[in-house]
Amino acid sequence: MLETLGNLGLGFSVALSPPILFYAFVGCLVGTLVGVLPGVGPLAGISLLLPATFGLDATRAIVMLAGIYYGAMYGGSTTSILMRIPGEAASVMTCIDGYAMARKGRGGAALAIAAVGSFVAGTVSVVGLMVLAPPLAAFALRFGPPEYVALLLLGLLVLAYMSSGSMVKSLAMAAFGLLLGMVGIDQMSGYFRFAYGVVELGDGLGVVPVAVGLFGVAEILATAGQPAPPSVIKPKLRELLPSRQEWRESAAPIGRGTVLGFLIGILPGSAHIISSFVSYAVEKRLSKHPEQFGQGAVAGVAGPESANNSATSGAMVPMLALGVPSGPIPAVMLAALMVHGVSPGPLLIQQQPALFWGFIASMYVGNVMLLILNLPLVGLFVNILRVPYPYLYPAILVFSILGVYAVNGSVVDVWIMVIMGVLGWLLRKLDFETAPIVLGVVLAPMIELSLRQSLAMSDGHYGIFVQRPISAVLLAVGLTLVLLNLYSFARRRSDWRTRIALAEKGEESP
Amino acid sequence: MTRRRVLAAAALALALPLVAVAQEPYPSRPITLVAPFPPGGVADLTARPVAAAMEKVLKNPVAVVNKTGAAGAVGMQFVAASKPDGYTLLLALSSISIIPEADKIFGRPPAFTVDQFAPIALISADPTILVVRAESPWKTAREFLDDAGKRSGQISYSSSGIYGTLHMAMELLSHAAGVKLRHIPTPGAGPALTALLGGHVDALASGPAVILPQIKAGKLRALAGWGDKRVAALPEVPTFKELGYPDAEFYIWAGLFAPKGTPEPVLAKLRDATRAAVGDADFRSAMDKMETPIAFKQGEDFQRFFDADARRLAEGVRKVGRVEDKK
């Protein structure tokens, strides 16, 4: 422990030196912007700025890139809450309750809670990264394809908790999302599926165009279709801060989101996206008022926003401790290290203590910077809501198209977004929820690849899932959850879901 | 002015820029260098220092553009279809010879063909190295291959994807040695290494730069290399050629291409520029830092290397065939 403190002292001496402070600030600022712009997420931001770091030294480069990564998680909530457009894919869940809060005039409170939750999650998870990196990284490596299948199946089970209305409808949407996730090159055989000769579809339907289409574009279409424009919300200054009640309701979700996000973040894959879905489901499951979810529950903002921030620190664990990427974003950061002649590997922490500890310390500093940067911006951003819809929505549409195009420079992505927008509008008219579709698109390729990798490893024997301890335990947990639910379903047929359905029926029939 | 005169003037005005383009010395405007893989990958990390060094010689900006998707097919198709005027170039990896072959196997219209490109120069070529975990029972490549012969299809390896470079290297080896190995594709070189380190597969063919830190840290053991010569950083590791498998030759290479039909004077200029760029001190230090040895070849030399490599890879892809047909 004493050694860690000494090392951290070294780290802060690096992180607080003016040049590092400057690059951390630039990274956080760019990250916030990247997060705020619809469509453009941390991967696109880091990729675009990677060449700009070639002239810097390794520590400055990595500090700046990491700033973009976690900065984007702060910024991503802004458009989700104010306009129901996910600033990046990990903010999809924030759209639901964040936007509902904004419609009730609590947009400022939602933004403030998202920022504070992100700060707590960011700071606490860096402690986790600092103290637990080597042992956790070794554990993360033991997650091979079979363990991943079990984990993802568990993830699919939480889907059932995501819906606020009909379970059948939300499962149908999840199945549809899983089907959409099948588009693209089959990783095991190289076969192009459902690409219809469009080479760009070889990589499948991107999460970003699908999410921005289903949420953002659909929202714009729905608003345009209303006979009278919705009234402009004029936020008052004293309503910007969360109330005491809202703070109380978000404290526990922030804590749970932090732990969940960090643990999920360590595992390979698009973990920051999944962590926000899981956190939302957990909060809804644990909440005393699950019926409030979807109507502006504070926990539905606090949990996912904390989780996606915490996941970014988790993702750094395998990268720094072992030199292996846990996803596309750490892969780009590893490349940045290699460009500067730093070989990422198991010896990085010993061979480059100034870099490692400077990086850790800069994350503490960066999170403070982001909080200072984001809280005053709440007041500014909330004023966007004062802009009348005929001006605001066309501008948002333009930004969405630009953002989606910028990620891959692909017009095909823009078309996907437009088609998904129309589809999302239709589904909303029919009272289907669209968040399960996004989850399906994220999970399908991962489940499929892990499942088929596992079967390739075992030469086709399904026993591999129960022979390996971690996957066996995860599957057992999943099975228990299903059985528990069946039990409560059988014993007490009318839970909150049916109560809502009854209440809705009561409203409809005069 | 009569109507006819106006038309004539308009026609002249339209024609003028065309004449100017035909006569302007090459290059007189920015050049686009397409890297068909995302930032941070081998193609991108080679393209950027090459572009920076060529800028100095050509006195015009050379901008790297990442046109990614479908294992590189999107970017390569883009360059194949672009105007052959020397303003759109491609930094390709060996997948340029693999993708058309894979298209052939599936009987689909090819995204592009190899003869749509004019080779300019080879920049780097790194042989792959066979690695296993340090605690695995195989101390030498001989032991590994003997065991693979005895336990046919039992020893597994990860790769960067089906028909990907790391898959092809292993496929060439297993055919040269007459053994059967079990293939577990992953979405890239990073996940493939993670699978090996986590103990989910037994072996991996990988570029030297990525695995050197793991070897130094005592996590992995190198058994043999696919190169013509031993790798400088691993002098004690033999080549498969030395071990009696001359057909197991494979390189992860990066080369510069222009669309077919680019005028010869332009190609000559680009060859000169690339030769100068490779000698550039900044370029050399950039490649040094990434521990990627420069292997410059152009003209006949590059064509010979490229043809031989394409032949080996085509053969490799055909031998793999359509995976789902084998079940």
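Residues numbered from 1 in each chain as written. Chains lettered and ligands numbered in written order. Predicted model: local features only at pLDDT ≥ 70, side-chain atom pairs only at ≥ 80, totals over all residues.

With that out of the way, let us pick up the overall build of chain B. Scanning chain B from N- to C-terminus turns up 11 helices and 11 strands. Counting only C-alpha atoms, chain B reaches 90 × 45 × 35 Å along its principal axes. Taking all 327 residues of chain B together, 53% fall into the buried category. By sequence separation, contacts in chain B at least 24 residues apart represent 76% of the contacts at least 6 residues apart. (Helix = DSSP H or I, 4+ residues; strand = E, 2+ residues; numbered from the N terminus. Buried ≥ 20, exposed ≤ 12 C-beta atoms within 10 Å, placed from the backbone. Contact = placed C-beta atoms within 7 Å.)

With that settled, consider the overall build of chain A. A tally of helices and strands in chain A yields 21 helices and two strands. In summary, chain A has a C-alpha radius of gyration of 22 Å against a globular reference of 24 Å for 510 residues, a match within 12%. Each principal axis of the C-alpha atoms in chain A carries an extent, and together these give about 75 × 60 × 50 Å. Within chain A, the fraction of its 510 residues that count as buried is 57%. Taking all contacts inside chain A whose residues are at least 6 apart in sequence as the whole, residues at least 24 apart take part in 80%. (Rg over C-alpha atoms; globule rule 2.2 N^0.38 Å.)

A few words now on helix H1 (residues 2-15) of chain A. Residue and element names in this part refer to chain A. With 14 residues, H1 ought to run about 20 Å at 1.5 Å a step, and its terminal C-alpha atoms sit 20 Å apart, in line with that. Of all the positions in H1, only Gly11, Val14 and Ala15 are classed as buried. Along H1, the residues classed as buried sweep out an arc of 90° about the axis, all on the same side. Those residues of H1 that are exposed and angled more than 90 degrees off the buried face are Leu2, Leu5, Gly6 and Gly9. Against the buried residues of H1 lie helix H2 (18-36), helix H4 (58-83) and helix H15 (353-382). (Expected span 1.5 Å × (residues − 1). Arc of directions from axis to C-beta.)

All right, on to the packing of helix H9 (residues 207-224) of chain A against helix H17 (residues 411-429) of chain A then. Residue and element names in this part refer to chain A. The interhelical angle for the contact between H9 and H17, taken along N-to-C directions, is 55°, at an axis separation of 7 Å. In terms of orientation, H9 lies oblique with respect to H17. In the packing of H9 onto H17, the handedness of the crossing is right-handed. Where H9 approaches H17, its residues Pro209, Val210, Val212, Gly213, Leu214, Phe215, Val217, Ala218, Leu221 and Ala222 are matched on the opposing element by Asp413, Ile416, Met417, Val418, Ile419, Met420, Gly421, Gly424, Trp425 and Arg428. Classifying every residue of the contact of H9 with H17 by side-chain character gives 15 nonpolar, three polar and two charged. (Axes fitted to C-alpha atoms, helices over the stretch in contact; angles between N-to-C directions. Parallel < 35°, antiparallel > 145°, perpendicular 65-115°, else oblique. Left-handed = near helix turned anticlockwise from the far one by under 90°. Nonpolar A, V, L, I, M, F, W, Y, C, P; charged D, E, K, R; others polar.)

Residue and element names in this part refer to chain B. For strand S10 (residues 251-259), the buried fraction is high: nine of the nine residues fall into the buried class. Burial along S10 is two-sided: the residues Tyr251, Trp253, Gly255, Phe257 and Pro259 and Ile252, Ala254, Leu256 and Ala258 are all buried. Where strand S3 (residues 88-93) and S10 come together, four bridges link them in antiparallel fashion. Bridging across to S10, Ala92 finds its partner in Gly255. Pairing analysis gives nine bridges linking strand S4 (residues 117-127) to S10, with the strands arranged antiparallel. (Pairing = 2+ DSSP bridges.)

Position of Thr258 of chain A among the secondary structure elements: in helix H10 (residues 244-266). The contact partners of Thr258 of chain A, leaving out residues within four places of it in the chain, are Val120, Ala121, Val124, Ser125, Ser306 and Ser310 of chain A.

A separate point is the sheet that holds strand S6 (residues 156-159) of chain B. Hydrogen bonds along the backbone pair up the strands of a sheet, which may run parallel or antiparallel. Residue and element names in this part refer to chain B. Spatial ordering of the open sheet is given by S7-S6-S8-S5-S9, a layout of five strands whose pairing is mixed. The sheet is open, and its two edges are formed by strand S7 (182-185) and strand S9 (220-225), each paired on a single side. Direction aside, the axes of adjacent strands within the sheet are offset by 30° on average. Pairing between S6 and S7: four bridges, direction parallel. Within the sheet, the bridge partner assigned to Ser159 lies in S7 and is Pro185. Against the sheet, helix H6 (residues 165-177) contacts S6, S7 and strand S8 (203-206), and its axis sits at roughly 115° relative to S8. Of the strands in this sheet, strand S5 (129-133), S6, S7 and S8 touch helix H7 (residues 189-197), which is tilted by about 150° from S8.

As a further point, take the sheet that holds S10 of chain B. Residue and element names in this part refer to chain B. With mixed pairing, six strands are arranged side by side in an open sheet as S2-S1-S3-S10-S4-S11. The open sheet has two edge strands, strand S2 (62-66) and strand S11 (294-298), and neither has a second partner. This sheet shows a mean twist of 25° between the axes of neighbouring strands, independent of strand direction. The pairing of strand S1 (residues 31-35) with S2 spans five bridges and is parallel. The residue bridging Val34 from the neighbouring strand is Val65, located in S2.

Residue and element names in this part refer to chain B. Mapped onto the elements of the fold, Ala53 is located in helix H2 (residues 42-58). C-alpha of Ala53 to C-alpha of Ala273: the two residues are 220 residues apart in sequence and 8.6 Å apart in space. Discounting chain neighbours no more than four positions away, the residues touching Ala53 are Ala277, Asp280, Asp282 and Phe283.

With 43 residues of chain B at the interface, the matching set in chain A holds 41 residues. For the side of chain B that touches chain A, the elements supplying multiple residues, two or more each, are H2, helix H3 (73-80), S7, H7 and helix H8 (208-216) of chain B. Considering every element that reaches the side of chain B that touches chain A, the biggest residue donor is H7 of chain B, with six residues. Partitioned by chemical class, the residues of the side of chain B that touches chain A number 24 nonpolar, 11 polar and eight charged.

Of the consecutive residues Tyr26 of chain B and Pro27 of chain B, the connecting peptide bond is found in the cis state with omega at -10°. Examined against the element boundaries, Pro27 of chain B turns out to sit in the loop between helix H1 (3-23) and S1. The backbone of Arg84 of chain A sits at a positive phi, close to 65°, despite the residue not being glycine. Mapping Arg84 of chain A onto the fold places it in the loop between H4 and helix H5 (92-103). With phi around 60°, Asp459 of chain A is a residue other than glycine that occupies positive phi space.

The next thing to look at is H9 of chain A. For H9 of chain A, spanning 18 residues, the distance from its first C-alpha to its last is 25 Å, which sits close to the expected 26 Å at 1.5 Å a residue. When the local axis directions of H9 of chain A are compared, the greatest deviation, roughly 35°, occurs at Gly213 of chain A. (Bend = angle between axes of the 7 residues up to and from the residue.)

The next point concerns the confidence of the model for chain B. Residue and element names in this part refer to chain B. Here chain B averages 88 in pLDDT, and 91% of its residues register 70 or above. Across chain B, S5 holds the top mean pLDDT of 97, while H1 sits lowest at 51. Across residues 14-21 the pLDDT falls below 50, and counting only partners more than four positions away or on other chains, this stretch makes zero contacts in the model. Among the scores for the predicted complex, ipTM is 0.86 and pTM is 0.86. (pLDDT = per-residue confidence, 0-100.)

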